[in-house]
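Structural characterization, general
Chain by chain, the residues run as shown.
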Amino acid sequence: MSLRIRTSALTALAVAALAAGTVLTAPAAGAAPTTVKPKTAAPKFLSASQLPPHPTSSWTAGPVTEGFPEALGGCVSTEGVPSYDYRHRQFWTELDTNAVQLTVVTGTAAQAKALAKHYDDLIRTCADRIEEASPDVEAESRDYGTLPVEEGARVRGLHTETSWGANDVSLLSVGRDGRTVTVVGWGQMGDFRSAPVTAFKKTTTTAVDKLY
């Protein structure tokens, strides 16, 4: 599914995200807040040249921005997750191809491990939630396996097709380095045949390795 989603598909994905449920919970009322230890440097982001090459258009990178990106809200969200340090960067081509990278700095490596699993679970179940939320959309997910970088990463794919013929494919990955989690998303019009899986795996490896 393209990260620059059509309005109707975006609505379906937003409903699916709210129905996701959570495996992480915010601190109970009255509980002492989690202490987040400062890092000497913020995690680094991908550059435009490190995205999967587009056959006819170069990538443009937006600025690194505080907060959680709307582009990931269809499958991944902050619902039920403690308030961490979210930063993101969006990328685009002159055509209908887009990408985004999110970094999340947690308090401990254990928290980051749990968050990475949570995000991967949300991506893994996203297709089912999309279909449950909208009968006009058929969705299929694929597991492209793990990558041996830092504390590990996993790549998955998602394809959606609407009853009126819209076709979109996405590649999404979750990786971790210590107490920092990164999520990378790529999307365009098309199906799994047009998805640059090998190049996206290289991009994911670079994203995780480049954090620190």
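Residues numbered from 1 in each chain as written. Predicted model: local features only at pLDDT ≥ 70, side-chain atom pairs only at ≥ 80, totals over all residues. Heavy atoms only, no water.

1. Concerning the side chain of Thr103
Note on placement: Thr103 falls in strand 4 (residues 97-105). When near neighbours in sequence (up to four residues on either side) are disregarded, Thr103 contacts Pro43, Phe45, Asp85, Tyr86, Arg87, Val181, Thr182 and Leu211. (Helix = DSSP H or I, 4+ residues; strand = E, 2+ residues; numbered from the N terminus. Contact = heavy atoms within 4.5 Å.)

2. Considerations on the state of the cysteines
Scanning the entire structure with this criterion turns up 1 disulfide. The partner cysteine of Cys75 in its disulfide is Cys126, sulfur to sulfur 2.0 Å. Taking the torsion about the S-S bond as the criterion, the Cys75 to Cys126 disulfide, at about -80°, is left-handed. Of this pair, Cys75 sits in the loop between strand 2 (65-66) and strand 3 (85-92) while Cys126 is found in helix 3 (residues 126-133), placing the two residues 51 residues apart along the sequence. Pair check on accessibility: Cys75 and Cys126 agree, each one buried. (Disulfide = S-S within 2.5 Å. Buried < 20%, exposed > 50% of the residue type's maximum accessible area, 1.4 Å probe, protein only.)

3. Side note on the pairing of strand 7 (residues 167-177)
A large share of strand 7 lies buried, amounting to 10 of its 11 residues. Between strand 6 (residues 153-162) and strand 7, which follow one another and run antiparallel, lie 4 residues, and Gly165 among them has a positive phi close to 100°. Pairing between strand 7 and strand 8 (residues 180-189): 10 bridges, direction antiparallel. Within the sheet, the bridge partner assigned to Ser173 lies in strand 8 and is Val184. The turn linking strand 7 back onto strand 8 is made up of 2 residues, and Gly178 within it adopts a positive phi angle of 60°. (Pairing = 2+ DSSP bridges.)

4. Description of the pairing of strand 8
The element strand 8 is extensively covered by neighbouring structure, given that 9 of its 10 residues are classed as buried. Of the strand pairs in this sheet, strand 4 and strand 8 are connected by 9 bridges, and their pairing is antiparallel. Paired with Ala99 across the two strands is Trp186, which belongs to strand 8.

5. A closer look at helix 2 (residues 109-124)
One turn of an α-helix holds 3.6 residues; hence residues three or four places apart share an orientation. In this model, helix 2 (16 residues) spans 22 Å end to end at C-alpha, consistent with the 22 Å of a helix rising 1.5 Å per residue. What helix 2 keeps buried is the set Ala112, Leu115, Ala116, His118, Tyr119, Asp120, Asp121, Leu122 and Ile123. Where helix 2 is buried, its residues meet strand 3, strand 4, helix 3, strand 6, strand 7 and strand 8. (Expected span 1.5 Å × (residues − 1).)

6. With respect to the pattern of salt bridges
Scanning the entire structure with this criterion turns up 8 salt bridges. Residue Arg142 is joined to Glu140 by a salt bridge in which the shortest nitrogen-to-oxygen separation is 3.5 Å. Of the residues examined, Arg142 reaches a relative accessible area of 38% and is grouped as partly exposed. Linked through salt bridges whose partners overlap, the residues forming this network are Asp120, Asp143, Arg154 and Arg156. (Salt bridge = Lys/Arg side-chain N within 4 Å of Asp/Glu carboxyl O.)

7. Details of the confidence of the model for the protein chain
A low pLDDT score tells you not to read the predicted coordinates there in detail. Of the residues in the protein chain, 81% reach a pLDDT of 70 or more, and the chain-wide mean stands at 85. Note on residues 1-39: pLDDT is under 50 here. Beyond four places in sequence and across chains, it has 74 contacts. (pLDDT = per-residue confidence, 0-100.)

8. Some words on unusual backbone geometry
Although it is not a glycine, Glu150 sits at a positive phi angle of roughly 45°. Mapped onto the secondary structure, Glu150 falls in the loop between strand 5 (137-147) and strand 6.

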